[in-house]
Amino acid sequence: MSGRWLGMSLLIGAGCWAAPASAQEGPVTFEFSFSNPGARSLGLGGAFAALADDATAAYANPAGLGQLIDPEISVEGRYSSFDIPFVRSGRGSGAPTGIGIDTAPNLVYGSSSSADTDLPFAAFVYPADRWSFALYRQTWADFKLSSEINGLFAVEEGETARSEDVRSQSAVKVVNTGFSASFELTESFSLGLGLTYFEGEMDSFSAEFGQEEELFFESAGFESEFLDTTYLHTAKDTGFTLNAGFLWRVSEHWSAGGFYREGPSLTLRVVEVVGPFDDEAAEGTVQLDDTTPVNLPDIYGLGLAWRSTDGAWTTSFEWKRIEYSSITGDLDPEVFEPGNIEISDGDEFHLGVEYVLDTTHPILAFRLGAWLDPAHNVAAGPSADTFESIIFQPVDDEMHWSGGLGLVFEHFQLDLGADLSQHSDIASLSIVYRF
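Predicted model only: the values in this text are computed from it and were never measured.

Scanning the protein chain from terminus to terminus reveals five helices and 20 strands. For the protein chain, the C-alpha radius of gyration of 24 Å lies close to 22 Å, the compact-globule estimate for 435 residues. Dimensions along the principal axes, computed over C-alpha positions, put the protein chain at roughly 75 × 40 × 35 Å. A total of 435 residues make up the protein chain; the buried ones form 54% of that total. Expressed as a percentage of contacts within the protein chain between residues at least 6 apart in sequence, the contacts between residues at least 24 apart total 72%. With the model as given, the accessible surface of the protein chain reaches about 17900 Å², and the carbon-plus-sulfur share is 57%.

What follows deals with the nonpolar core. Among the nonpolar cores identified, the biggest contains 53 residues, and Leu65 and Leu152 are the most heavily contacted of them. Apart from the residues within four sequence positions on either side, leucine 152 is in contact with Val87, Ser89, Gly90, Gly92, Leu107, Ala161, Arg162, Ser163, Phe387, Ile390 and Ile391.

Attention now goes to the packing of aromatic side chains. The full count for this structure, using the stated rule, is 16 aromatic pairs. Taking the centre distance of 5.8 Å and the plane angle of 45° together, the rings of phenylalanine 409 and phenylalanine 412 count as tilted. Accessibility expressed as a relative area gives 31% for phenylalanine 412, which makes it partly exposed. The interplanar angle of 20° and the centroid separation of 5.9 Å between the aromatic rings of tyrosine 433 and phenylalanine 435 together place this pair among those described as stacked. Here arginine 261 stacks its cationic end above the ring of phenylalanine 259, 4.2 Å away from the centre of that ring.

Before going further, it helps to examine unusual backbone geometry. Most peptide bonds are trans, and most residues other than glycine sit at a negative phi. For the bond running from histidine 361 to proline 362, omega is 5°, close enough to zero to count as cis. Considering the arrangement of structural elements, one finds proline 362 in the loop between strand E15 (346-357) and strand E16 (363-373). A positive phi angle is found at alanine 52, which is not glycine, with a value near 45°. Its place among the elements puts alanine 52 in the loop between helix H2 (39-43) and helix H3 (57-60). In this structure alanine 52 comes out as buried when scored by relative accessible area, which is 0%.

Glancing now at the side chain of asparagine 295. By the secondary structure assignment, asparagine 295 is in strand E11 (residues 286-295). A distance of 3.0 Å separates polar atoms of two side chains, one belonging to asparagine 295 and the other to aspartate 330. If we ignore the near neighbours within four places in the chain, the residues touching asparagine 295 are Pro264, Ser265, Ser326, Ile327 and Asp330.

The next thing to look at is the environment of serine 163. Mapped onto the elements, serine 163 comes out in the loop between strand E5 (159-162) and strand E6 (165-184). Separated by 187 residues in the primary sequence, serine 163 and histidine 350 have C-alpha atoms spaced 40 Å apart.

Here we come to the side chain of aspartate 278. Of note, aspartate 278 is situated in the loop between strand E10 (265-274) and E11. There is no salt bridge for the buried aspartate 278, and the closest opposite charge comes from arginine 162, which lies 17 Å off by N-O distance. Among the polar contacts made by the side chain of aspartate 278, one reaches the main-chain amide nitrogen of alanine 281 at a distance of 3.3 Å.

Next up on the list: the environment of leucine 351. With respect to the helices, strands and loops of the structure, leucine 351 is situated in strand E15. Sequence separation between leucine 351 and leucine 51 is 300 residues, and the spatial gap between their C-alpha atoms is 12 Å. Apart from residues no more than four positions distant in its own chain, leucine 351 is found in contact with Leu44, Gly45, Ala47, Thr315, Ser316, Phe317, Leu368, Gly369 and Ala370.

The subject of this paragraph is the pairing of strand E19 (residues 412-420). Burial along E19 is one-sided: the residues Gln413, Asp415, Gly417 and Asp419 are buried and none of Phe412, Leu414, Leu416, Ala418 and Leu420 is. The antiparallel hairpin formed by strand E18 (residues 398-408) and E19 contains three residues in its connecting segment.

So, on to a negative patch on the surface. Negative charge collects at one region of the surface, where Glu212, Glu213, Glu214, Glu223 and Glu225 lie side by side. Structurally, glutamate 213 can be placed in the loop between strand E7 (189-209) and strand E8 (227-248).

In the structure shown here, the tally under the stated rule is 14 salt bridges. A salt bridge links arginine 91 to aspartate 102, with the nearest nitrogen and oxygen atoms 2.8 Å apart. Of this pair, arginine 91 sits in strand E1 (residues 72-91) while aspartate 102 sits in the loop between E1 and strand E2 (107-128); the two residues are 11 residues apart in sequence, bridging distant segments of the chain. Accessibility classification places arginine 91 together with aspartate 102 in one group, the buried group. The salt bridge involving arginine 367 is made with aspartate 415; its shortest N-O contact spans 3.0 Å. Within this pair, whereas arginine 367 is found in strand E16, its partner aspartate 415 is found in strand E19, the two being separated by 48 residues in sequence. The exposure classification of arginine 367 matches that of aspartate 415, with both residues buried.

Let's shift gears to the pairing of E18. The sheet contact formed by E16 and E18 spans 11 bridges and is antiparallel. What sits directly across from leucine 372, in E18, is methionine 399. In terms of strand pairing, E18 meets E19 through eight bridges, oriented antiparallel. Across the sheet, valine 408 pairs through a bridge with glutamine 413, a residue of E19.

Mapped onto the elements, leucine 119 comes out in strand E2. Residue leucine 119 is classed as exposed on the basis of its relative accessible area of 60%. For leucine 119 and serine 428, which are 309 residues apart along the polypeptide, the C-alpha to C-alpha distance reads 9.7 Å.

Conventions and cut-offs
Residues numbered from 1 in each chain as written. Predicted model: local features only at pLDDT ≥ 70, side-chain atom pairs only at ≥ 80, totals over all residues. Heavy atoms only, no water. Helix = DSSP H or I, 4+ residues; strand = E, 2+ residues; numbered from the N terminus. Rg over C-alpha atoms; globule rule 2.2 N^0.38 Å. Buried < 20%, exposed > 50% of the residue type's maximum accessible area, 1.4 Å probe, protein only. Contact = heavy atoms within 4.5 Å. Areas by Shrake-Rupley, 256 points an atom, 1.4 Å probe, with all protein chains shown as cover. Core = buried A, V, L, I, M, F, W, Y, C linked by side-chain atoms within 4.5 Å. Phe/Tyr/Trp six-rings, centres within 6.5 Å; stacked < 30°, edge-to-face > 60°. Lys NZ or Arg CZ within 6 Å of the ring centre and 35° of its normal. Polar contact = N/O pair within 3.5 Å; in protein donor to acceptor, adjacent residues only side chain to side chain. Lys, Arg positive; Asp, Glu negative; His and termini not counted. Salt bridge = Lys/Arg side-chain N within 4 Å of Asp/Glu carboxyl O. Pairing = 2+ DSSP bridges. Patch = residues over 30% accessible without salt bridge, like charges linked within 9 Å, V, L, I, M, F, W, Y side chains within 5 Å. Charge placed at Lys NZ, Arg CZ, Asp CG, Glu CD.

Given below as structure tokens:
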């Protein structure tokens, strides 16, 4: 799945802070990544904006389509896996009492894991004089997540308090169908523009459980009689987004590129229903049934590439800015309590190196890359309560290391790529046929 897994699970996997609800609905288990499609780009650490010289340019930087000489068809297959930690239980503050399950001196973490094999990208490119056109189909996200809180304690106002126990499940799928075109203004400068039709579907269910006083230090059985509140978050939307780019071949050795991608806008429905454990309202009472707009991040970036005189060596760098803050910043305050959670915008830095051995048949290409994935988790905001501050803690930046191999025949190209990091791994196989 190109783009691997989408960060919208911050809403549907973690639950929402919907007024008049006063407690968090669950731990966050998500991972953002807006990586380019294609095994070649993957092997280069995603540093592709200033190269953009295959069919994946239709998404990565449409201005690069003008570099293609022959019509081509490209298909990619990917294996993706991730293991994302979340706070499950333990002590967020204060010393454990030693009673029942309150024995852990520190936080105890669980993980939400998933593995998936997919054909996330397919494209057809047709070059014609100074114009080039591309049609593509891309699975931007397709994943499922789950998380659980069972026995999380902390000190509030000098006393031991316990977070309500929570189970959450969520699923996200976003598919893009796009049309891109490039135009050569001069022999060295091209512009590109694309229109994408997206189909997005999201579903999440979170259940919040209370405790009887005599069971305060006991493990939750998640019995129906202790069900306090359920939260349902759903979205099923379609729409159009734009992407654009430029490519400037500065000299024989240097090229520069840039791009902008508009993030989809969705409508999220939030339903909150009272359970039997709530003593303030009748079971089945719908406390909230409303919608809020959710805007996924806009992304823009710049790249610079260098090629040796003989064409054997290529080095590419890319900076990418992702406006994560729009996800929480644009939520309707009548539905989501403002200030409880937030996400900061992130800067990614990508670097890749390629060496081509053209004395062999087929031609061999070797690639290495690395990139910095900035911390972009859901963090506690200025209005967060004690347990929100514990659950939504800051995380560290993460380094990704990548590599790949290319085999080039007369009309056929095979690329292999891999991207490895602490919490996620991707393996990719791309096939290109030119005619």
